[in-house]
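Here is how the chains run, residue by residue.
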Amino acid sequence: MTTIKTRDGVEIYYKDWGSGQPIVFSHGWPLSSDDWDAQMLFFLNHGYRVIAHDRRGHGRSSQTGEGHDMDHYADDLAAVTAHLDLKKAIHVGHSTGGGEVVHYLARHGESRVAKAAILCAVPPLMVRTPANPNGLPKEVFDGFQIQLAANRSQFYRDVASGPFYGYNRPGAKSSEAVIQNWWRQGMTGGAKAHYDGIVAFSQTDFTEDLKRIAVPVLVMHSEDDQIVPYVAAGPLSAKLLKKGTLKTYKGFPHGMPTTEAATINTDLLAFIKG
C-alpha cells in the first residue's frame, strides 16, 4: 500500500492516479477514499491527476487513538500534498472532508492550491449555539456517539439505508450495493476515530477559516440534505468566502457524489475549467 508517515507517526494511506493538474479529494465521515470512486475515475478519464487519502483512523490508515480533530486532519492533508509536491491543486471535500479542506486552506495557506469545492459540507458550524440558532442540537450528535458505542455495525447500516442517501424518502429506490459499500467503508475504520470524529465534524467552528480563504470555492449543497441541513451550511459558507459560489440542488441526498454522480461530476468539471 502507498502510505506516508505523519510527524506524530501515523501512517496515512493514499491513492495517486494519472497526470496533469491534481485534484485532491477529502472524504466524509466515517468513510474512506473509496467513496470517491465515481469522481476519481471520471476526472482521471478527463486528463487530471486524482489523489485521495484515508483520514487517520479511517479506511487503511493507522487506527491511532489520538489526533481525531480538525487540526490533525488538516495537517495530515498538508503532509500528503507536501509529500507529493502538488502545485495548482484543486481540493474537493465532501461533508467532514469539506471541513478538512476549509481548515487546511486556512491553516496551511493556498500556495499549492488553485481552487476548491465543498459538497454538502459541515462548515460553518453544525451544532446549535446562540450564534448559530439553525444548527442541530448537541443532543443529536451525543446520540450518534451512543449508537456507535452500542452497536456500530447496526448504526452504520441504518445511516446508509436511510438518511445518508435519501432512501427513507417516499418513492426512493434504494441500492443494496451502495448501502453495503458505505457499511464496508465505515467498518474498515476504527471505532475510536469515528467516535471522536463526531465531535470534530459537529463542534468545529469554521467561520474564521472561511473568511480567510481567497481562492475560488464552489459550494455545492442540496436543500434536501438530511445529514448536514442546508439552512445552516452551504448558503452561509458561500457568504463568508471571499470568492464563494453557491450551487444548490433541490432533491439530492447528502450522498449525492455517489447517487447523482453524473450531475455532480459535470458541475465540478465546469467549475474547474471555468
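Small disclaimer: the values here were computed from a predicted structure and weren't measured. (Residues numbered from 1 in each chain as written. Predicted model: local features only at pLDDT ≥ 70, side-chain atom pairs only at ≥ 80, totals over all residues. Heavy atoms only, no water.)

Caption draft 1: Representation of the overall build of the chain. Across its full length, the chain holds ten helices and eight strands. Against the compact-globule benchmark of 19 Å for 274 residues, the chain has a radius of gyration of 17 Å, which places it among compact chains. Taken along the three principal axes of its C-alpha coordinates, the chain extends 40 × 40 × 40 Å. For the chain, the accessible surface area stands at approximately 11,000 Å², while carbon and sulfur atoms represent 52% of it. If the 28 positive side-chain charges of the chain are averaged to one point and the 28 negative ones to another, these points end up 5 Å apart. (Helix = DSSP H or I, 4+ residues; strand = E, 2+ residues; numbered from the N terminus. Rg over C-alpha atoms; globule rule 2.2 N^0.38 Å. Areas by Shrake-Rupley, 256 points an atom, 1.4 Å probe, with all protein chains shown as cover. Lys, Arg positive; Asp, Glu negative; His and termini not counted. Charge placed at Lys NZ, Arg CZ, Asp CG, Glu CD.)

Caption draft 2: Main features of the sheet that holds strand β6 (residues 113-119). A sheet is described by the order of its strands in space; here eight strands give the open sequence β1-β2-β4-β3-β5-β6-β7-β8, paired in mixed fashion. In this open sheet, the two edge strands, each paired with only one partner strand, are β1 (3-5) and β8 (244-249). In this sheet, neighbouring strand axes are inclined to one another by 20° on average, regardless of whether the strands run parallel or antiparallel. Relative to strand β7 (residues 217-222), β6 runs parallel, the two sharing four bridges. Bridge assignment links Ala117 to a residue of β7, and that residue is Leu218. Along the sheet face, helix α3 (residues 96-108) touches β3 (22-26), β4 (49-53), β5 (89-94) and β6 and points at about 140° away from the line of β5. Across the sheet, helix α10 (residues 261-273) lies against β3, β5, β6, β7 and β8, angled at about 160° from β7, the strand it touches most. (Pairing = 2+ DSSP bridges. Axes fitted to C-alpha atoms, helices over the stretch in contact; angles between N-to-C directions. Contact = heavy atoms within 4.5 Å.)

Caption draft 3: Structural view of the packing of helix α4 (residues 138-161) against helix α5 (residues 176-188). The geometry of α4 relative to α5 is characterised by a closest axis approach of 9 Å and an angle of 140° between their N-to-C directions. Between α4 and α5, the angle is such that the two are oblique. Read as a crossing pair, α4 and α5 show a hand that is right-handed. Residue-level contacts link Arg152, Ser153, Tyr156, Arg157, Val159, Ala160 and Ser161 of α4 to Glu176, Ile179, Gln180, Trp182, Trp183, Gly186 and Met187 of α5. (Parallel < 35°, antiparallel > 145°, perpendicular 65-115°, else oblique. Left-handed = near helix turned anticlockwise from the far one by under 90°.)

Caption draft 4: Looking closely at empty space enclosed by the protein. Taken as a whole and judged by the stated rule, the model has one cavity of 30 Å³ or more. If you add up the space inside the largest cavity, you get close to 50 Å³. Surrounding the largest cavity, Val122, Leu125, Met126, Asn134, Gly135, Leu136, Val228, Pro229, Ala232 and Ala233 form its lining. (1 Å grid on protein atoms, 1.4 Å probe; cavity = no way out; pocket = protein on both sides within 12 Å on 5 of 7 lines; lining within 4 Å. Points joined across faces, edges and corners; volume = space filled by probe spheres on them.)

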